[in-house]
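What follows is each chain in one-letter form.
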Amino acid sequence: MSKEDSNARYRELQAQRENTSEPLGWFEDLYRLHRDGEEVVPWLREAPNPELVAWVESQAAPPGGEACVIGCGLGNDAAYLASRGWRTVAFDIAPTALSLARERHPQAEVEWVAADLTQLPATLTGRFDFVFEANTLQALPAGLRAAAFPCAFQLLKTGGALLLVARARDASEPAEGPPWPLTREELVPPAGYLAESVSEIQVSTQPPDRRWRILYRRPA
Ligand SMILES: C[S@@+](CC[C@H](N)C(=O)[O-])C[C@H]1O[C@@H](n2cnc3c(N)ncnc32)[C@H](O)[C@@H]1O
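Okay, so let's go over this structure. In this text, all values refer to a predicted model and were calculated from it rather than measured experimentally.

Quick notes on the site of the ligand
Thought 1: Neighbouring the ligand are 17 residues; Tyr31, Gly71, Asp92, Leu117 and Asn135 lie closest to it.
Thought 2: Here glycine 71 contributes a backbone N or O atom positioned 2.8 Å from a nitrogen atom of the ligand.
Thought 3: Between the ligand and the protein, one listed contact pairs a nitrogen atom with a backbone N or O atom of alanine 134 at 2.9 Å.
Thought 4: For the ligand, the protein covers 94% of the area, taking 590 Å² as the surface of the free molecule.
Thought 5: Secondary-structure elements contributing two or more residues to the shell around the ligand are helix H2 (25–35) and strand E2 (87–92).
Thought 6: Class assignment of the residues belonging to the shell around the ligand gives a composition of eleven nonpolar, four polar and two charged.

Given below as structure tokens:
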């Protein structure tokens, strides 16, 4: 299936669920189709996210450091963190994503958890030295996204860092999604947290694409 066809297909799946009691059910729908052989996952990659790799390579994993991947999908980023010495938890709202992630990374020492970012279990909150979020928030419609963004910070322990990567747009640009590129205003951290570094990067996809790379911190 071409990239255009897979984008059209997943937008169709999203639209079918939009005004239902489960507006995020389309992720599970999509992963089931993928499991059954349809090439519909547009974010399917063989390698971990390059922004994550760059960050990890600039750090020493703290002994016993705990990391969490939000909306882990097929698990590349979580498996990579685990391979670099982080005790890693990865969660996703779609159970089929987690079974596929386990199958793809059978050796990875990752705790795969079914959880919704907007309803985090107490076992995950206030726990992590490092949290990675890529491309989940931009896949949520505006109302759900606004509710989900502050929840990402609840995962951090004191002193912990959250690295966020997302498509970028100016507030004056229209957003037709999914994915819905995010404005800088949407990414202002909740009270009590810092945006330690904010970069806008140009990704040489076709067509080229702008992304935010923001490192947040829960102050010690
Ligand atoms: C666009 S995909 C990105 C996957 C992966 N982070 C990546 O960059 O390849 C978004 C992922 O977030 C998951 N997701 C969506 N809403 C979620 C929520 N509220 N809580 C947890 N996971 C969610 C989806 O099932 C999907 O796997």
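After that view of the structure, there is still more to cover.
Here we look at the packing of aromatic side chains
Thought 1: Under the criterion given, the structure shown has twelve aromatic pairs.
Thought 2: When the ring of tyrosine 31 is compared with that of tryptophan 43, the centres are 6.1 Å apart and the planes differ by 75°; the resulting orientation is edge-to-face. With tyrosine 31 in helix H2 and tryptophan 43 in the loop between H2 and helix H3 (50–57), this residue pair connects regions lying twelve residues apart in the sequence.
Thought 3: Since its relative accessible area comes to 28%, tryptophan 43 is described here as partly exposed.

Re H3
Thought 1: All of the buried residues in H3 are Glu51, Leu52, Val53, Trp55 and Val56.
Thought 2: Buried-residue contacts for H3 involve helix H4 (76–83), strand E4 (128–134), strand E5 (156–167), strand E6 (194–203) and strand E7 (209–217).
Thought 3: The N-cap of H3, judged by a side-chain oxygen 2.8 Å from the amide nitrogen of glutamate 51 a few residues on, is asparagine 49.

A look at the sheet that holds E2
The strands that make up a sheet pair up through hydrogen bonds in the backbone, lying either parallel or antiparallel.
Thought 1: One open sheet holds the seven strands; their spatial order is E3-E2-E1-E4-E5-E7-E6, and the pairing between them is mixed. Both outer strands of the open sheet, strand E3 (110–114) and E6, are each paired with one neighbouring strand and no more. The sheet shows a mean angle of 15° between the axes of neighbouring strands, taken without regard to direction.
Thought 2: Pairing of E4 with E5, which is carried by six bridges, proceeds in the parallel orientation. Across the sheet, residue phenylalanine 130 finds its bridge partner in E5, namely alanine 161.
Thought 3: Packing against the sheet, helix H6 (residues 142–154) makes contact with strand E1 (66–70), E5 and E7, and its axis sits at approximately 140° to E5.

Criteria and thresholds
Residues numbered from 1 in each chain as written. Predicted model: local features only at pLDDT ≥ 70, side-chain atom pairs only at ≥ 80, totals over all residues. Heavy atoms only, no water. Near = heavy atom within 4 Å. Polar contact = N/O pair within 3.5 Å; in protein donor to acceptor, adjacent residues only side chain to side chain. Areas by Shrake-Rupley, 256 points an atom, 1.4 Å probe, with all protein chains shown as cover. Helix = DSSP H or I, 4+ residues; strand = E, 2+ residues; numbered from the N terminus. Nonpolar A, V, L, I, M, F, W, Y, C, P; charged D, E, K, R; others polar. Phe/Tyr/Trp six-rings, centres within 6.5 Å; stacked < 30°, edge-to-face > 60°. Buried < 20%, exposed > 50% of the residue type's maximum accessible area, 1.4 Å probe, protein only. Contact = heavy atoms within 4.5 Å. Pairing = 2+ DSSP bridges. Axes fitted to C-alpha atoms, helices over the stretch in contact; angles between N-to-C directions.

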